[in-house]
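Reading the structure
One letter stands for each residue in the lines below.
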Amino acid sequence: MDATAIGIGVLLAVLALIALGVLFTVSRLFRKVAQGQALIISKTRQVDVTFTGAVVLPVLHNAELMDISVKTIEILRTGREGLICQDNIRADIHLTFFVRVNKTKEDVVKVAQAIGTQRASHQETLQELFSAKFSEALKTVGKQLDFVDLYTHREHFRDQIIQVIGTDLNGYHLEDCAIDFLEQTPLTQLDPANILDAQGIRKITELTAIEHVRTNEFQRTEQKEITRQNVDARETILELERRQAEAEIKQRREVDTMRAREEAATARVQEEERLGAQAAFLRTEEQLGVQRENQAREVAVAQKNRERVIAVENERIEKDRVLEVIARERETELARISKEKEVEGERREVADVVRERIAVDRTVAEQEESIKHLRLVQEAERERQALIITAEAQAQEQLVKDIKAAEAAEQAAQYKARETLTMAEARKRAAEMDSDAKIRLAEGIRAEAAAEGLAEVEVRERGAEAITKVGVAEAEATSARLKAEAEGARLLSLATAEGTTAQASAEAAMIGEKLKAEAAGLTEKAAAMAALDDASRGHEEYRLRLAAEKDIRLAGLDTQRQIAEAQATVLATGLEKADISIVGGDTVFFDRLMGAVAAGRSVDTFIANSETVQSMTAPWTDGSSRFTEDATRILSSLGANAGNLTVSALLARLIADGGPRTAGLQQLLDQARALGLADAPVAAAAAAVAGGSATAANGSVNGLVKQ
């Protein structure tokens, strides 16, 4: 390696070292500037300003950093220091101004030369520098606007402040302004002695009073509008309900009328059917009654014939027996007796014919009575139908009257309710007008007394509101009460009408059901009678005949019972004063009493049916002679024991004695044997003949009892 190369290498190394030294020195002397700051370098002849960085030579250069970032300046004015507006109303306001050093070399140098870099970077310095200026601008602009305009046009207010202050502030630049807080200063913090504050207080009072009045008007208007809408809605609802109720009532009335018409038609048809069924039933009953009567008559005739045959047979037997006796005794007398018997039989036949004629007359009379009864029943049925139709017509008429009366009452109640509502509305409007008048009066009083203080006005306002509320409440209460009374009257009328209609419907339904049941029963009975076959019909007719015969038998037994009672009464009357000595037990006494009565009746029958006996006893019965004297005489002639003789023994002894009365005595003996008195004591028979039937029975009883 030669020396040149070495020299070049050394030179390059020195140059490199120098370059490195220069770079190291420059890096050590170079000062970077952060954003928001400016570096002011004072040189010997000039001042440089850089916002990025520069080399600052020691001793030769003086470098200072200035904060040029945006800073805030707050202006706060409240209370007695509040901003006075054009209308002398104080406003509490809080403004924030945004200020920074204008980013130009000249402005930075100007600020640095005027204030200094250190003071220019402090917040307090800016507050001291611009607070008065900004406050002055704030007062200037605030005095040009009313409080309401100030509050409403905040941007205009801000622009006016910026315009008054300007953006160039000797190196500083006003970036923007913001209103953080803006409100009216409370009245308590105002000074009434200050003329501006006094005017502001008056203005505030006037404005607040007006706003309060408007607010109250708006509230009252809102309440009235709401109430009016509620009333309109309620009236519409009530009108719709009324229409609905009218439609329902009309439909119900039409349905009831249609139902009543259908029920009346049904009832009329049913009554016609029932009338036909009843007529058929009555015709059937009539025919059955005629048949029963014919049957009863035939049975009675058969019974009479049977009795007559039996009597004839008995008479024939008796006649045969008597004829046998007479054949043994005397043929002539027997023949005469037979003739008399035959005459008697003819008489009986005549009597039977008469009896049958009477029965026929009785049957005719009963049929005539049945016809009269049927006519009376039909007449009564027609009268009953006429009464039912008349009652139904009266019920329908009364129902229509009740419905019309209910409708009239309902309409009257509706008119009354409308009148009441109208009166209530008028009173309500009057109350509202009174309340409005009172409100106006209160507003006037409050306006007059506004200067004396807001408290008194508020008190009066609250008093007016209370009066208004009371009036509205009274009107609403009156309206509600009247509506409730009208609704109650309408519901009462509807309930009464519905109750009357329901009662009439129930009664009509009950009568209809009753008539339906009767008609159904008769129809079913007629249908059942028609549905029966011949055997069943015959059985039913036989059952009906048996029932009729049973009734007839019961009636006959009842008649016999009445006859027996009458006879017992006569017997009791006859025996009431009789001298009776009771000997023996109850059955013995009764049997003997009945036997005595039967014996007396037999004697009476014997005397009544025997001409011989009547001829023999004629002197005793007409009073020409006395039986007791004759009997005493005969008995005395017969001896002391003649009273103990029987009738047959006495008659046989007298016949044996002979005389003109022998034939009559023989006939009397036959009659006594036929009647069963042949073995009776003579004393009892004599007493019976002497005292008649009752006396004979009494004597027989006495005799029997004494025996």
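As the structure is a computational prediction, the values presented were derived from the model and not from experiment.

Calculation criteria
Residues numbered from 1 in each chain as written. Predicted model: local features only at pLDDT ≥ 70, side-chain atom pairs only at ≥ 80, totals over all residues. Heavy atoms only, no water. Helix = DSSP H or I, 4+ residues; strand = E, 2+ residues; numbered from the N terminus. Contact = heavy atoms within 4.5 Å. Areas by Shrake-Rupley, 256 points an atom, 1.4 Å probe, with all protein chains shown as cover. pLDDT = per-residue confidence, 0-100. Buried < 20%, exposed > 50% of the residue type's maximum accessible area, 1.4 Å probe, protein only. Polar contact = N/O pair within 3.5 Å; in protein donor to acceptor, adjacent residues only side chain to side chain. Phe/Tyr/Trp six-rings, centres within 6.5 Å; stacked < 30°, edge-to-face > 60°. Pairing = 2+ DSSP bridges. Core = buried A, V, L, I, M, F, W, Y, C linked by side-chain atoms within 4.5 Å. Axes fitted to C-alpha atoms, helices over the stretch in contact; angles between N-to-C directions. Salt bridge = Lys/Arg side-chain N within 4 Å of Asp/Glu carboxyl O. Expected span 1.5 Å × (residues − 1). Bend = angle between axes of the 7 residues up to and from the residue. Parallel < 35°, antiparallel > 145°, perpendicular 65-115°, else oblique. Left-handed = near helix turned anticlockwise from the far one by under 90°. Nonpolar A, V, L, I, M, F, W, Y, C, P; charged D, E, K, R; others polar.

Thoughts on the overall build of the protein
In terms of regular secondary structure, the protein is built from 16 helices and 10 strands. Expressed as a percentage of contacts within the protein between residues at least 6 apart in sequence, the contacts between residues at least 24 apart total 69%. Accessible surface, the protein: about 44900 Å² in total, of which carbon and sulfur atoms supply 57%.

A closer look at the confidence of the model for the protein
The predicted coordinates ought not to be read in detail in places where the model reports low pLDDT. Per-residue confidence for the protein averages 79 on the pLDDT scale, and 83% of its residues sit at or above 70. For the protein, helix H16 (residues 682–706) is the element with the lowest average pLDDT, namely 48, and strand E8 (residues 90–101) is the one with the highest, namely 90. Confidence drops under pLDDT 50 across residues 690–707; counting only partners more than four residues distant or on other chains, this segment forms 31 contacts.

Describing the side chain of Asn88
With respect to the secondary-structure elements, Asn88 resides in the loop between strand E7 (83–84) and E8. Accessibility expressed as a relative area gives 11% for Asn88, which makes it buried. A distance of 2.2 Å separates the side chain of Asn88 from the side chain of Gln199, its partner in a polar contact. With residues up to four places along the chain from it excluded, the contact list for Asn88 reads Lys143, Leu196, Gln199 and Gly200.

Details of the packing of aromatic side chains
For the structure shown, the criterion picks out four aromatic pairs. Judged by centre distance (4.1 Å) and plane angle (35°), the ring pair of Phe97 and Phe134 falls under tilted. Taken together, the residues span a long stretch of sequence, with Phe97 in strand E8 and Phe134 in helix H4 (residues 123–143) at a distance of 37 residues. Overall, Phe97 belongs to the buried group, its relative accessible area being 0%.

Let's talk about the pairing of strand E2 (residues 37–42)
Where E2 meets strand E5 (residues 62–67), six bridges bridge the pair, whose relative direction is antiparallel. Counted as the bridge partner of Ala38 is Met66 from E5. Hairpin remark: E2 followed by strand E3 (residues 47–50), antiparallel, with four residues in the connecting loop.

Looking at the environment of Val472
Mapped onto the fold, Val472 is located in helix H9 (residues 454–531). On the accessibility criterion, Val472 (24% relative accessible area) is partly exposed.

A closer look at the nonpolar core
Among the nonpolar cores identified, the biggest contains 43 residues, and Met66, Leu95, Phe97, Val99, Phe134, Phe157 and Tyr172 are the most heavily contacted of them. Listed by contribution, the elements that provide at least two residues to this core are E2, strand E6 (71–77), E8, helix H2 (105–114), H4, helix H5 (147–152), helix H6 (154–165) and strand E10 (172–184). In this view, Phe97 contacts Lys71, Thr72, Ile73, Ile75, Phe134, Ile161, Ile165, Leu174, Asp176 and Cys177; residues no more than four positions away in its chain are not counted. Of all hydrophobic cores here, the second largest spans nine residues; its members include Val647, Leu654, Leu665 and Leu669.

Concerning the sheet that holds E3
Two modes of strand pairing occur in sheets, parallel and antiparallel, and in both the strands are linked by backbone hydrogen bonds. Read from one edge of the open sheet, three strands run E3-E2-E5, paired in antiparallel fashion. Two strands lie at the open edges of the sheet, namely E3 and E5, each paired on one side alone. When the angles between neighbouring strand axes are averaged without regard to direction, this sheet yields 20°. Sheet strands touched by H2: E2, E3 and E5. Its angle to E3, the strand with the most contacts, is close to 120°.

Looking at the pattern of salt bridges
Scanning the model with the defined rule gives 31 salt bridges in all. Close ionic contact of Asp48 with Lys43 constitutes a salt bridge, the shortest N to O distance being 2.4 Å. Note on Asp48: relative accessible area 16%, which makes it buried. Between Glu366 and Arg362 there is a salt bridge; the shortest N-O distance is 3.1 Å. Of the two residues, Glu366 and Arg362 are both situated in helix H8 (residues 331–448); the distance of four residues between them amounts to about one turn of the helix. Salt bridges here are not isolated pairs; linked through shared partners, they connect Glu239, Arg242, Arg243 and Glu246.

Points about H4
Each turn of an α-helix holds 3.6 residues, which means side chains three or four residues apart point in the same direction. For H4, which comprises 21 residues, the first-to-last C-alpha distance of 28 Å matches the rise-based estimate of 30 Å (1.5 Å per residue) to within 8%. At Phe130, H4 shows its maximal kink, close to 45°. For H4, the full list of buried residues reads Thr125, Leu126, Phe130, Phe134, Ser135, Ala137, Leu138, Val141 and Gly142.

Details of the packing of H4 against H6
Packing of H4 against H6 leaves a shortest axis separation of 9 Å and a crossing angle of 130°. It follows from the interaxial angle that H4 and H6 lie oblique. For the pair H4 and H6, the sense of crossing is right-handed. Side by side, H4 and H6 meet where Lys133, Phe134, Ala137, Leu138, Val141 and Gly142 of the first sit next to Phe157, Gln160, Ile161, Val164 and Ile165 of the second. Along the lines of polarity and charge, the residues of the contact of H4 with H6 split into eight nonpolar, two polar and one charged.

Here's the deal with unusual backbone geometry
Unlike most non-glycine residues, Val59 shows phi in positive territory, near 70°. Structurally, the position occupied by Val59 is in the loop between strand E4 (53–55) and E5. The phi angle at Asn88 is positive, at roughly 60°, despite the residue not being glycine.

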